[in-house]
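# Chain and residue survey
One-letter residues, chain by chain:
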Amino acid sequence: MRFVALSAPSTARAALVTLASLVTALLICALIFTLAGQSPAEVYGTMLRGTLGDATGLGEVGRRTIPLLLIGAGLALAFRAQFFNIGAEGQLLLGAVFAAGTALFVPLPGPVLLPAVFVAGFVGGGLWALIAAALRRVNVNEILSTLMLNYIAVALVTYLIAGPWKGKDVRGYIYTDTFPASTYLPTLPGSQVHWPTLLLGVAVALGLQWVLSRSTFGYALRVVGENPGAARYAGLSSGRVALLVALITGGAAGLAGAGEVAGIHHRLLEAGQISLGYGFTAVIVAWLARGNPALCLITAPVMGVILAGGDILKIDLNLPFRVVDIFSGVILLCLIASEVFVRHRVQWGRA
């Protein structure tokens, strides 16, 4: 068996390989559940009934889809430029910090304050990603720098809510004071789906797809990502492209953080309560979308079902708390392993 490189893999091939990797991941998870003494049919059936077959479950899927869509669309753009941003979790938290600081301490009139909260969220997430992009220019790998910045962001949130921003009515848990009512986002009845942020996520995904496929910057981004040598020959600055991509992808994650605190919590609280690992799960969302932000409109709800379904499995089937990590890890592993089949065809026989 030999792998023969393909000069231009087709979109259909990428889609089929991605679908096959998902099926493989589900089969591997089924084996894991069997070894754990659970029926795979019961596990998957419970997940689908509790999410897609229940109004409350659908609301939970929607709630998780919102940050995954915003972050995933930004990461899809970054991955196309070969800027491997693994720090969306920290960028989300910095977006939440900037949004909370604006809501709590900036004296703006009501109609202006809510937009300012989201602008601040974008700025916070974008600046946090720009740190990694700047370090990349001095040969610091962005995978390492963005990953380490996640932990700094968690520590920063903890410092703020336990120190200078600590709320006056704190009892037990630590958090800030409640935001002004003018910053509250409306939600769909009976759910925590803050629909303005959902619409924003759809707009961001479609907008970034247009940028990627129709704009001059998108062309430069694709050339830098697909052929750095040709980009240098054409006079395109990969450093400048990386800075802009970092600002966009970090800003999108920051918008997700602003949406979480303005739409659900209405205060800044501990990092683990703001984000349920959205920044890491969104890597799978972007990878499934194969670098197309618009396809995150499909892949984000798929991962939303897995996140919401994992909570149901913990309660209904008493599965371990880390059951969602099993799904996410196996899916990501299969997606990475399948890349070789996207870019190569298998040839049998002697050379």
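Below, the structure is looked at part by part. Quick caveat, the model's predicted, so the values are computed rather than measured.

## Notes on the pattern of salt bridges
A side chain with one charge can pair with a side chain of the opposite charge if their charged atoms come near. Evaluation of the coordinates by the stated rule reveals nine salt bridges. With a closest N to O distance of 3.8 Å, Glu-226 and Arg-80 form a salt bridge. With Glu-226 in helix α8 (residues 216–226) and Arg-80 in helix α3 (residues 55–80), the pair connects residues that are 146 residues apart, well separated along the chain. For Glu-226, a relative accessible area of 59% puts it in the exposed group. Taken together, the shared-partner salt bridges in this structure form one network comprising Glu-60, Arg-63, Arg-64, Asp-311 and Lys-314.

## Brief notes about a nonpolar patch on the surface
A contiguous nonpolar patch, built from Phe-98, Val-119, Phe-122, Val-123 and Leu-127 and spanning about 400 Å² of accessible area, is present on the exposed surface. The dominant element in the nonpolar patch, judged by the number of residues it contributes, is helix α5 (residues 110–136), at four residues. Locating Phe-98 in the fold gives a position in helix α4 (residues 88–105).

## Some words on the packing of helix α12 (residues 278–288) against helix α13 (residues 296–316)
Between α12 and α13, the shortest axis-to-axis distance is 9 Å and the interhelical angle comes to 135 degrees. Relative to α13, the element α12 lies oblique. For the crossing formed where α12 meets α13, the hand is right-handed. Only Cys-296, Thr-299, Ala-300, Met-303 and Leu-307 of α13 make contact with α12, whose side of the interface consists of Tyr-278, Thr-281, Ile-284, Val-285, Ala-286 and Leu-288. Each residue belonging to the contact of α12 with α13 can be placed in one class, and the counts come to nine nonpolar, two polar and no charged.

## Concerning the nonpolar core
With 88 residues, the main nonpolar core has Ile-71 and Leu-268 as its most contacted residues. Contact partners of Ile-71, with chain neighbours within four places excluded, come to Ala-88, Leu-92, Ala-253, Ala-256, Tyr-278, Gly-279 and Ala-282.

## A few points about helix α6 (residues 142–162)
Between the first and last C-alpha of α6 there are 30 Å, a value that for 21 residues agrees with the 30 Å anticipated at 1.5 Å per step. Packing partners of the buried residues in α6 comprise α4, α5, α11 (271–274) and α12. For α6, the capping residue at the N-terminal end is Asn-141, with a side-chain oxygen 2.7 Å from the backbone nitrogen of Ile-143.

## Quick look at unusual backbone geometry
Excluding glycine, residues mostly have negative phi values, and the peptide bonds linking residues are mostly trans. A positive phi angle, close to 70 degrees, is found at Asn-139, a residue other than glycine. Relative to the helices and strands, Asn-139 resides in the loop between α5 and α6. Given the relative accessible area of 74%, Asn-139 is considered exposed. Positive phi outside glycine occurs at His-266, with the angle close to 60 degrees. Position of His-266 among the secondary structure elements: in the loop between α10 (238–265) and α11.

## Digging into the state of the cysteines
All told, the structure shown has zero disulfides when counted by the stated rule. Summary of cysteine pairing: Cys-29 is not part of a disulfide, and the nearest cysteine sulfur, belonging to Cys-334, is at 7.8 Å. Taking relative accessible area as the criterion, Cys-29 reaches 1% and is therefore assigned buried. In this model Cys-296 remains outside any disulfide bridge; the closest cysteine sulfur is found in Cys-334, 19 Å from its own. Residue classification places Cys-296 among the buried residues on the basis of a relative accessible area of 0%.

## Regarding the packing of helix α1 (residues 11–35) against helix α14 (residues 323–343)
Two elements in contact, α1 and α14, have axes separated by 8 Å at closest approach and are oriented at 140 degrees. Along this stretch, α1 crosses α14, giving a crossing that reads as right-handed. Along the contact surface, α1 presents Arg-13, Ala-14, Val-17, Thr-18, Ser-21, Leu-22, Thr-24, Ala-25, Ile-28, Cys-29, Ile-32 and Phe-33, while α14 presents Val-323, Ile-326, Phe-327, Val-330, Ile-331, Cys-334, Leu-335, Ser-338, Phe-341 and Val-342. A class-by-class count of the residues in the contact of α1 with α14 yields 17 nonpolar, four polar and one charged.

## A short note on the environment of Ser-21
If you trace the backbone, Ser-21 turns up in helix α1. As a C-alpha pair, Ser-21 and Tyr-159 span 138 residues in sequence and 41 Å in three-dimensional space. Here Ser-21 is in contact with Cys-334, Leu-335 and Ser-338, once residues within four sequence places are set aside. Polar side-chain contacts of Ser-21 include one of 2.6 Å to the backbone oxygen of Thr-18.

## Topic: the packing of aromatic side chains
Applying the stated criterion to the full structure yields six aromatic pairs. Here the aromatic rings of Phe-33 and Phe-327 are separated by 5.5 Å at their centres, their planes lie at 55 degrees, and the arrangement is tilted. On the criterion of sequence distance, the pair formed by Phe-33 in helix α1 and Phe-327 in helix α14 is long-range, its members being 294 residues apart. Given a relative accessible area of 1%, Phe-327 falls into the buried group. Consider the rings of Phe-105 and Trp-165, whose centres lie 5.3 Å apart with planes at 55 degrees: the pair is tilted. Remark: Trp-165 occurs in the loop between α6 and α7 (195–214) and Phe-105 occurs in helix α4; sequence separation between them is 60 residues. Taking relative accessible area as the criterion, Phe-105 reaches 48% and is therefore assigned partly exposed. One Lys or Arg, Arg-267, reaches over the ring of Tyr-175 and ends 4.4 Å from the middle of that ring.

Cut-offs applied
- Residues numbered from 1 in each chain as written.
- Predicted model: local features only at pLDDT ≥ 70, side-chain atom pairs only at ≥ 80, totals over all residues.
- Heavy atoms only, no water.
- Salt bridge = Lys/Arg side-chain N within 4 Å of Asp/Glu carboxyl O.
- Helix = DSSP H or I, 4+ residues; strand = E, 2+ residues; numbered from the N terminus.
- Buried < 20%, exposed > 50% of the residue type's maximum accessible area, 1.4 Å probe, protein only.
- Patch = residues over 30% accessible without salt bridge, like charges linked within 9 Å, V, L, I, M, F, W, Y side chains within 5 Å.
- Areas by Shrake-Rupley, 256 points an atom, 1.4 Å probe, with all protein chains shown as cover.
- Axes fitted to C-alpha atoms, helices over the stretch in contact; angles between N-to-C directions.
- Parallel < 35°, antiparallel > 145°, perpendicular 65-115°, else oblique.
- Left-handed = near helix turned anticlockwise from the far one by under 90°.
- Contact = heavy atoms within 4.5 Å.
- Nonpolar A, V, L, I, M, F, W, Y, C, P; charged D, E, K, R; others polar.
- Core = buried A, V, L, I, M, F, W, Y, C linked by side-chain atoms within 4.5 Å.
- Expected span 1.5 Å × (residues − 1).
- Polar contact = N/O pair within 3.5 Å; in protein donor to acceptor, adjacent residues only side chain to side chain.
- Disulfide = S-S within 2.5 Å.
- Phe/Tyr/Trp six-rings, centres within 6.5 Å; stacked < 30°, edge-to-face > 60°.
- Lys NZ or Arg CZ within 6 Å of the ring centre and 35° of its normal.

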